[in-house]
Amino acid sequence: MEILKIGSTGTLVQYLQSLLNTLGFGNLTVDGIFGQNTKNAVINFQRNFWLSPDGIVGTNTWNKLLQYSFIVPTDVQYGYNILSINLDGLKNKYPFLDIGSIGYSALGRSIPYIRFGRGQKQVFYSSSIHANEWITSVLLMKYIENLSAAYESNSTIFDYRARYLYENTSVFFVPMVNPDGVDLVVGNIQKYLPDIYNYAKTLSENYPNIEFPNGWKANINGIDLNLQFPALWETAKEIKFSQGFTKPGPRDYVGTSPLSTPEAIAMYNFTLSKNFRLILAYHSQGEVIYWKFSDFLPEGSYYIGQQFSNVSGYSLDVTPTNSAYAGYKDWFIQNYNRPGYTIEVGSGTNPLPLSQFSKIYNDNVGILTLGMVL
């Protein structure tokens, strides 16, 4: 782990500040800047655990802090580094979770999955296929934490016993389909991989009207992963090219062919290896649930969509034509004729502010739970 001290900056400092606040050792502004107040909070933590009170977060202090790494923060820019910390913490805290990999990103990073449950019925939830929609990763990870805690304490989540869910369903989560793109948006690429940052910035210059990096949805090579699936891909290409998205950049470039990115291939192959009865593909924003693809009408899909709408307050709608093809949800419905949904959380401009997180979680806890039982 990176040593943190006065002058350190970035998402790992945000995580430190958030965790110190959660554990009661400070009332810090989570700004990613390690200043005197953060140092004082670190010293308080160190003294409490009989560590050398030097205000520097080195190996011994990290080892003690990471005993609480199962706590998913909801007030930090959530990159791949924090995701990895939380996954390690959740696995240690809740050994009944199965954590593995579906494949690798363009930068060679493992794309993790988490499995909760051992039931025959399989469902699948994914998020952050679009980089600047990383708040959806926080949503899935916080739900996993809360679901696991409910299982351990033999309590409920959204009025369902977690142990009932565990015994009757296997739910698979991929909380960060696009880790490279997410890290570009939250600042980790600029901090740790400046050459890659400059490469992406060069691609963004193909589209000067799109803010960089906040407007970035694509993978690190400038290909929109949710336009990479073999579900009327040529139609998607025609639409996006007509809109001017003819080369790699921050968003809406379909690539040279379907399944030409490692992230899309990983999602495709992982899905083929399972028997998912239902999928949820999480995006932001709009507070809407898209339930349909082309003329396919999977049995029960409209009814389930209505239930999701009822518990969330989100509208149930068909995908607008300009975005109605070559997405992961589209391919799943086409290939399996089973219910699949794109859930657009929150409202405003991506990346959504974390001040919306509590509402987003409360709106979606019912969807995430009912997806296992309907």
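Before reading further, recall that the structure is shown in the block above.
Residues numbered from 1 in each chain as written. Predicted model: local features only at pLDDT ≥ 70, side-chain atom pairs only at ≥ 80, totals over all residues. Heavy atoms only, no water.

A.B. asks: Can you help me understand the packing of aromatic side chains in this one?
C.D. replies: Any two aromatic rings considered together are summarised by their centre-to-centre distance and by the angle between their planes. Counting across every chain of the model gives 33 aromatic pairs. Relative to Tyr-166, the ring of Tyr-151 lies with its centre 4.6 Å away and its plane at 40 degrees, an arrangement referred to as tilted. Taken together, the positions of Tyr-151 in helix α5 (residues 135–152) and Tyr-166 in helix α6 (residues 162–168) put the pair 15 residues apart, joining distant regions of the chain. Note on accessibility: Tyr-151 and Tyr-166 belong to one class, buried. Ring geometry for Phe-229 and Tyr-328: centres 5.5 Å apart, planes at 70 degrees, overall edge-to-face. A residue pair is termed long-range when its members are at least 10 positions apart, and Phe-229 in the loop between α9 (194–204) and α10 (233–242) and Tyr-328 in helix α13 (residues 328–336) qualify at 99 residues. Neither Phe-229 nor Tyr-328 differs from the other in exposure class; each is buried. By the ring-pair criterion, three or more aromatic residues cluster together here, those being Tyr-113, Phe-124, Phe-172, Phe-229, Tyr-268, Phe-270, Phe-276, Tyr-328, Trp-331, Phe-332 and Tyr-336. Between Lys-93 and the ring centre of Phe-70, over which it is positioned, the NZ or CZ distance is 4.9 Å. Its guanidinium or amino end placed over the ring of Tyr-151, Arg-163 lies 5.2 Å from that ring's centre, counting from NZ or CZ. (Phe/Tyr/Trp six-rings, centres within 6.5 Å; stacked < 30°, edge-to-face > 60°. Helix = DSSP H or I, 4+ residues; strand = E, 2+ residues; numbered from the N terminus. Buried < 20%, exposed > 50% of the residue type's maximum accessible area, 1.4 Å probe, protein only. Lys NZ or Arg CZ within 6 Å of the ring centre and 35° of its normal.)

A.B. asks: Whenever I open this one, the side chain of Asp-252 confuses me. Can you help?
C.D. replies: Tracing the backbone shows Asp-252 in the loop between α10 and α11 (262–272). Here the side chain of Asp-252 touches Arg-251 through a polar contact of 2.9 Å, side chain to side chain. Setting aside residues up to four positions removed in sequence, Asp-252 forms contacts with Lys-217, Asp-224, Leu-227, Lys-240 and Phe-245. (Polar contact = N/O pair within 3.5 Å; in protein donor to acceptor, adjacent residues only side chain to side chain. Contact = heavy atoms within 4.5 Å.)

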